[in-house]
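Per-entry structural report
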There are 2 protein chains.
Amino acid sequence: MAVTIRDVARQAQVSVSTVSRALSAPGMVKEATRQRVLDVVAGLGYQPNRAARSLITGRTGNLGIVVPDLLNPFFPSILRGVQTRAGEAGTSVFFCDSREDPATEAELVRTMSAQVDGVVLCASLLSDDTIEELAALTPLVLINRMVPGVSSVLMDSASGMAQVVAHLESLGHEHHVYLGGPAAAWSNTRRMQGLQGRAELLGSFDPNFTGGYAAAEQALKTGATAFIAYNDLIALGALAYLAEHNVRVPDQISVTGFDDILYATMCSPPLTTVHMPTEDAGKVAVDLLATLLDGGPAEHRELPTTLVVRGSTAKPRMSV
Amino acid sequence: MAVTIRDVARQAQVSVSTVSRALSAPGMVKEATRQRVLDVVAGLGYQPNRAARSLITGRTGNLGIVVPDLLNPFFPSILRGVQTRAGEAGTSVFFCDSREDPATEAELVRTMSAQVDGVVLCASLLSDDTIEELAALTPLVLINRMVPGVSSVLMDSASGMAQVVAHLESLGHEHHVYLGGPAAAWSNTRRMQGLQGRAELLGSFDPNFTGGYAAAEQALKTGATAFIAYNDLIALGALAYLAEHNVRVPDQISVTGFDDILYATMCSPPLTTVHMPTEDAGKVAVDLLATLLDGGPAEHRELPTTLVVRGSTAKPRMSV
DNA sequence: ATGAAAGCGCTAACAT
DNA sequence: ATGTTAGCGCTTTCAT
């Protein structure tokens, strides 16, 4: 069996409670005693048993994160932010992938809630009601989803999209078409708001490469000189379609993405897109969770997004 | 406070031990009793307190996974496999990102070991000695790394690379150049073995887009008609370099990748590469961990890789 | 087949 | 400032 608090107490010639205090309430023990205890702890390599601590404090020292799709490059970077900030506080992070299924999502949060102090829920597909219900079950922080009364971290999609439109207009484009994402997605709604009615809307497509490929075919028929994609994956699919049909980007058509995933810099031409502060969002989510755990109120935080101009946008040609 | 085993016992008119047995040793209680208990459990929504259980059994019901870089698309898919299989057994998964730092890696495993039943370590950069030491600390399964006496799941890189060479040779290529990965990486060594001396070796490059870009410049000077990259990211970088210098792929140069990450299908031309059964590897890793936990022996498992031919390879032209 | 009771390792009153 | 002690919720002997 591993070394316990008793072993430390014995060797440091103090009681177990002194050891406990030296470790978790340093102010309550004499400095000399504390140092002696700490030395023994280091010497023995003592690590408090989390289960035992958890049993009595009611806290687990863990937190959970649920994402819709781990394979979407957008989410690992949020995970990383969460883990980074949580790690600083000695908190461990459980993860789960709901595979874009709302029922699974709710189930995962429920299951997790028993063994974590709180959960971060990304881009949830659940109804407001269900989310409220889950928030009553366990401290909950939403990322890229807004439900009144539930803490959330938003990345300012509307502003990002507005920057896209402004950029295209400054280049001289007059006819833009929006290659939309899932109609049910909250972030799709927000991005459309950012369009301010200045783009032709083109239904909703799967937010992936295949969806973008299909979208481009339709978009081409509109005669627009600029394609504004819901996200980078759709933009990438569009790029592939255009390349195959010998439509030159950005000479003939400008294309913009959204999210700034890794591959946006690697394709050709590299994608003009909107950078999302995903890693920061993960960190802020952990902070909001901490607030909740300290009995603080639910908060909403909005992080700024920034347009990144690369090679996929340019002035429109006179003749297409 | 949540509902405890006592609440269930009281309502089901049995002792707590009977409830405990009904739940974890069904064979030891009369069927009728068991059913009654189960009904009450369902009615009350009772969930056993994991901390309490853990305190006495010494098992946490958790497992950990450490990856070198969550942002490398290769790893999330392993994570997904791990979580999928673990979830089936009611096991939760902690994750950590070592950011390619060996010291952090070891530290993370050590920290985790106290609160998990075992850990999965991916593409470790640690020395054999350190890995053995960690394996003594906690049940450990390696992915894409081989250390005698320590369980591991390998994806057969050597065979994958041999398939690449065979493919290129069948197309008629006679001069291949290998754009190598990190010299220290075990998988780089394995991939080079698969080359069977039939490619010119070109030093080691960072296993990312930038590294590939730089590698392509050098590779071009060799006069080879086929570039064999250590991984997809390097291949992608090479593709970008070649496109910028108006070298047509695959007309003038064939390029192959390795890993079959998501982007390999999205670039143009789409990449001929070697598919790695990453999700399966994650699942198998969990199985090996389970074996270890049951007191079984360390095992090595090798999963097959398969060449995926796409658009980046073709017959060499007579004149380059 | 079931119940009673003893802890698992720790923290938090409660003493001193 | 430190020690004593009673549990946290559960599993597991040991009885019956």
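Residue numbers restart at each chain and count upward from 1, following the sequence in its written direction. Here every chain gets a letter starting at A, and every ligand a number starting at 1, in the order they are written. Reporting of local features is limited, given that this is a predicted model, to residues whose pLDDT is at least 70; pairs of side-chain atoms are given and counted only at 80 or more, and all residues count toward the totals for whole chains, interfaces and linings. Hydrogen atoms and water are omitted, and side-chain values are computed over all heavy atoms in the structure.

All names here are of chain A. When DSSP finds two or more bridges between a pair of strands, those strands are recorded as paired. Secondary structure elements follow DSSP: runs of H or I no shorter than four residues count as helices, runs of E no shorter than two count as strands, and numbering proceeds from the N terminus. In space, the four strands of this open sheet follow the order β7-β6-β8-β9, with parallel pairing throughout. Both edges of this open sheet fall to β7 (200–204) and β9 (254–256), since each of them pairs with a single strand only. Between one strand axis and the next, the sheet turns by 20 degrees as a mean value, whatever way the strands run. Residues count as neighbours in contact if any of their non-hydrogen atoms are within 4.5 Å of one another. Convention adopted: a line fitted to C-alpha atoms gives each axis, helices being fitted over their contacting stretch, and angles between N-to-C directions are expressed from 0 to 180 degrees. Sheet strands touched by helix α9 (residues 186–195): β6 (176–180), β7 and β8 (226–229). Its angle to β6, the strand with the most contacts, is close to 175 degrees.

Residue and element names in this part refer to chain B. Structurally, T4 can be placed in the segment before α1 (5–12). Of the residues examined, T4 reaches a relative accessible area of 30% and is grouped as partly exposed. T4 sits 43 residues away from Q47 along the chain, and the two C-alpha atoms are 7.8 Å apart. Relative accessibility decides the category of a residue: with a 1.4 Å probe and only protein chains considered, values under 20% of the type maximum give buried, values over 50% give exposed, and everything between is partly exposed.

Residues and elements named next belong to chain A. Backbone torsion omega between V249 and P250 reads 5 degrees, so that peptide bond is classified as cis. Considering the arrangement of structural elements, one finds P250 in the loop between α11 (232–244) and β9. A cis amide bond, omega 0 degrees, links S268 with the succeeding residue P269. Backbone geometry at E100 places phi at a positive 60 degrees, although glycine is not the residue there. Within the secondary structure layout, E100 lies in the loop between β2 (92–97) and α6 (102–113). A positive phi is found at D259, a non-glycine position, where the angle reads about 120 degrees. With a relative accessible area of 10%, D259 lands in the buried category.

Nearness is defined per residue: one heavy atom within 4 Å of the molecule or strand is enough. The local shell around DNA strand D holds 25 residues, among which A:S17, A:T18, A:T33, B:I5 and B:Y46 are the closest. Considering the 4 Å shell around the protein, atoms of DNA strand D inside it are sugar or phosphate in 57% of instances. Identification of polar contacts relies on pairs of N or O atoms within 3.5 Å, with a donor-acceptor requirement for protein atoms, meaning one able to donate a hydrogen and the other able to accept it, and with residues adjacent in sequence counted only if both atoms are side-chain atoms. Between DNA strand D and B:A52, the relevant distance is 3.3 Å, taken from a base nitrogen to a main-chain nitrogen or oxygen of the residue. Taken together, the elements giving at least two residues each to the surface near DNA strand D come down to α2 (16–24) and α4 (50–57) of chain A together with α2 (16–24) and α4 (50–57) of chain B. Per-element accounting of the surface near DNA strand D gives the leading share, five residues, to α4(B). Following the grouping adopted for this structure description, the nonpolar residues are Ala, Val, Leu, Ile, Met, Phe, Trp, Tyr, Cys and Pro, the charged ones are Asp, Glu, Lys and Arg, and the polar ones are all others, Gly among them. Considering only residue class, the surface near DNA strand D consists of twelve nonpolar, nine polar and four charged.

Turning to helix α3 (residues 31–44) of chain B, a few remarks are in order. Relative to the 20 Å expected for 14 residues at 1.5 Å per residue, α3(B) spans 20 Å between its end C-alpha atoms, a close match to the ideal helical length. Lining the buried residues of α3(B) we find α1 and α2 of chain B. One fewer than the residue count of a helix, multiplied by 1.5 Å, yields its expected span.

Near DNA strand C there are 25 residues, and of these A:I5, A:Y46, A:R53, B:T18 and B:T33 occur at the shortest range. Here A:N49 contributes a backbone N or O atom positioned 3.1 Å from a phosphate oxygen of DNA strand C. Taking B:T33, its side chain carries an N or O atom lying 2.5 Å from a phosphate oxygen of DNA strand C. When contributions to the surface near DNA strand C are tallied by element, the ones reaching two or more residues are α2 and α4 of chain A together with α2 and α4 of chain B. By residue number, the principal contributor to the surface near DNA strand C is α4(A), which donates five residues. Class assignment for the residues of the surface near DNA strand C results in twelve nonpolar, nine polar and four charged.

As recorded in UniProt, the feature "domain: HTH lacI-type" (unreviewed entry) lies at residues 3–57 of chain A. Counted over residues 3–57 of chain A, helix gives 71% and strand 0%. Its end C-alpha atoms are 21 Å apart. UniProt positions are given in the numbering used here, feature names are shortened, and annotations may be inferred rather than shown by experiment.

This next bit is on the relation of the copies chain B and chain A. Copies overlap after least-squares fitting; the atoms used are the C-alpha atoms of residues with pLDDT of at least 70 in both. With an axial shift of 0.1 Å and an RMSD of 0.1 Å, the rotation relating chain B to chain A amounts to 180 degrees. The symmetry that links the two subunits is that of a two-fold axis. A share of 97% of the interface residues of chain B reappears at the interface of chain A, consistent with the copies meeting face to face through the same patch.

Moving on: the side chain of B:N231. Within the secondary structure, B:N231 is located in the loop between β8 (226–229) and α11 (232–244). A polar contact of 3.2 Å, which involves the side chain of B:N231, links it to the backbone nitrogen of B:L233.

For the rest of this paragraph, the subject is the pairing of strand β4 (residues 140–143) of chain A. All names here are of chain A. Neither face of β4 is open: one carries L140 and L142, the other V141 and I143, and all of them are buried. Relative to β4, strand β3 (residues 119–122) is paired through four bridges, and the arrangement is parallel. Within the sheet, the bridge partner assigned to V119 lies in β4 and is L140. Crossover handedness is defined by viewing with both strands directed away from the observer: a clockwise path from the first strand over the helix to the second marks the crossover as right-handed. Traced from β3 through helix α7 (residues 128–137) to β4, the parallel crossover comes out right-handed.

Each nonpolar core is a collection of buried residues, namely Ala, Val, Leu, Ile, Met, Phe, Trp, Tyr and Cys, held together in the definition by side-chain atoms within 4.5 Å. In terms of nonpolar packing, the biggest core is built from 140 residues, with A:I65, A:L236, A:Y263, B:I65 and B:L236 touching the most fellow members. Among residues more than four places away in sequence, those in contact with B:L236 are A:Y263, A:M266, B:F209, B:I261, B:Y263, B:C267 and B:L271. Grouped together as the second largest cluster of nonpolar side chains are 34 residues, A:M112, A:L121, B:V66 and B:L108 included.

So, about the packing of aromatic side chains. How two aromatic rings sit relative to each other is given by the distance of their centres and the angle of their planes. Ring geometry is summarised as follows: Phe, Tyr and Trp rings, the Trp one being its six-membered ring, pair when their centres sit within 6.5 Å, and such pairs are stacked at plane angles under 30 degrees, edge-to-face over 60 and tilted between the two. Tallied over the full model, the rule gives seven aromatic pairs over all chains. Pairing A:F94 with B:F94 gives two aromatic rings, centres 4.0 Å apart and planes at 15 degrees, and the pair type is stacked. Of the two residues, A:F94 sits in strand β2 while B:F94 sits in strand β2 (residues 92–97), which places them in two different chains. Judged on exposure class, the residue A:F94 and its partner B:F94 are both buried. Cation over ring: A:R191 sits above A:Y230, and NZ or CZ is 4.8 Å from the ring centre. Each ring is checked for a lysine NZ or an arginine CZ that lies within 6 Å of its centre and within 35 degrees of its normal; such an atom marks a charge sitting over the ring.

Turning our attention to the packing of helix α1 (residues 5–12) of chain A against helix α3 (residues 31–44) of chain A. All names here are of chain A. Two numbers describe how α1 lies on α3: the axes approach to 9 Å, and their chain directions differ by 125 degrees. The angle between α1 and α3 falls in the class oblique. Considering only the axes of α1 and α3, their crossing is right-handed. Across the interface between the two elements, D7, V8, Q11 and A12 of α1 pack against R36, V37, V40, V41 and L44 of α3. By residue class, the composition of the contact of α1 with α3 is six nonpolar, one polar and two charged. Orientation categories follow fixed angle ranges, with anything under 35 degrees roughly parallel, anything over 145 roughly antiparallel, 65 to 115 roughly perpendicular, and all other angles oblique. Each crossing is labelled by how the near helix is turned from the far one, with a counterclockwise turn of less than a right angle marking it left-handed and a clockwise turn marking it right-handed.

Attention now moves to the sheet that holds strand β7 (residues 200–204) of chain B. All names here are of chain B. The strand order across the open sheet formed by four strands is β7-β6-β8-β9, and the pairing between neighbours is parallel. With one partner strand each, in any of the chains shown, β7 and β9 (254–256) form the two edges of the open sheet. Ignoring which end each strand starts from, the neighbouring axes of this sheet average 20 degrees apart. Taken together, the three bridges between β8 and β9 define a ladder with parallel strand orientation. Paired with F227 across the bridge in β9 is V255. With respect to the sheet, helix α9 (residues 186–195) is in contact with β6 (176–180), β7 and β8, its orientation differing from that of β6 by roughly 175 degrees.

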